[in-house]
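The primary structure of each chain is shown beneath.
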Amino acid sequence: KCLDSNVASETLPYDAENWLENDIESCCQRHFNWAFNDCVSLSGGSLNLIATGKWYVNYQEEICQTDCLKEAGGPCGGLVDNWNTLFDTAADCCKEKLS
């Protein structure tokens, strides 16, 4: 979990500048990239801000979906894991991964 730098700076070791970031997303990317979405959520960040709107393949359903919150509806498949390959269009996603 990432903390507000105003609070955290009082509790960090002498090299606090190596641990502090300007925002939650930067902190989570640097220190918790393997669990980025969970980190942003647990740290109080907005999951809407981290959605890329790009396309990725859902192998279970054999379709391409958009990296956005499922609640948004349409082709949103939920937030993508950092190991997924992202594409600018559904056509590119399908051509590369499902053809």
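This report concerns the structure included in the present document. (Residues numbered from 1 in each chain as written. Predicted model: local features only at pLDDT ≥ 70, side-chain atom pairs only at ≥ 80, totals over all residues. Heavy atoms only, no water.)

### Concerning the state of the cysteines
Thinking step 1. Inspection of every chain in the model, using the stated rule, returns 3 disulfides.
Thinking step 2. Here cysteine 28 is linked by a disulfide to cysteine 39, with a sulfur-sulfur distance of 2.1 Å. What sets the handedness of the cysteine 28 and cysteine 39 disulfide is the S-S torsion sign, and at about -75 degrees it is left-handed. In this pair, cysteine 28 is assigned in helix H2 (residues 24-31) and cysteine 39 in helix H3 (residues 36-42), connecting sequence segments 11 residues apart. Residue cysteine 28 shares its accessibility class with cysteine 39, and that shared class is buried.
Thinking step 3. Covalently, cysteine 68 is tied to cysteine 76 through a disulfide, its sulfur atoms 1.9 Å apart. Sign of the S-S torsion, about -105 degrees for the bond between cysteine 68 and cysteine 76, identifies this disulfide as left-handed.
Thinking step 4. Classification of cysteine 68 by relative accessible area gives buried; the value is 13%.
Thinking step 5. Residue classification places cysteine 76 among the buried positions, given a relative accessible area of 13%.
Thinking step 6. Looking at cysteine 94, it has no disulfide partner, and the nearest cysteine sulfur is the one in cysteine 64, 3.6 Å off. (Disulfide = S-S within 2.5 Å. Helix = DSSP H or I, 4+ residues; strand = E, 2+ residues; numbered from the N terminus. Buried < 20%, exposed > 50% of the residue type's maximum accessible area, 1.4 Å probe, protein only.)

### Section: H2
Because an α-helix packs 3.6 residues into every turn, residues spaced three or four apart end up facing the same way.
Thinking step 1. Burial in H2 covers these residues: Cys27, Cys28 and His31. The arc that holds the buried residues of H2, viewed along the axis, is 95 degrees, so those residues lie on one side.
Thinking step 2. The inward-facing, buried residues of H2 contact H3.
Thinking step 3. Two to three positions downstream of the cap, the backbone nitrogen of glutamate 25 sits 3.3 Å from a side-chain oxygen, assigning the N-cap of H2 to aspartate 23. (Arc of directions from axis to C-beta. Contact = heavy atoms within 4.5 Å. Polar contact = N/O pair within 3.5 Å; in protein donor to acceptor, adjacent residues only side chain to side chain.)

### With respect to the pairing of strand E2 (residues 63-67)
Thinking step 1. Counting buried positions along E2 gives 4 out of 5 residues, so the element sits mostly inside the fold.
Thinking step 2. Relative to E2, strand E1 (residues 55-58) is paired through 4 bridges, and the arrangement is antiparallel. Opposite tyrosine 56, over in E2, you have glutamine 65 as the bridge partner.
Thinking step 3. Between E1 and E2, which pair antiparallel one after the other, the connecting turn spans 4 residues, and glutamate 62 there sits at a positive phi close to 55 degrees.
Thinking step 4. Two elements, E2 and strand E3 (residues 76-78), share 2 bridges in a ladder whose sense is parallel. Bridge pairing in E3 places aspartate 67 opposite glycine 78. (Pairing = 2+ DSSP bridges.)

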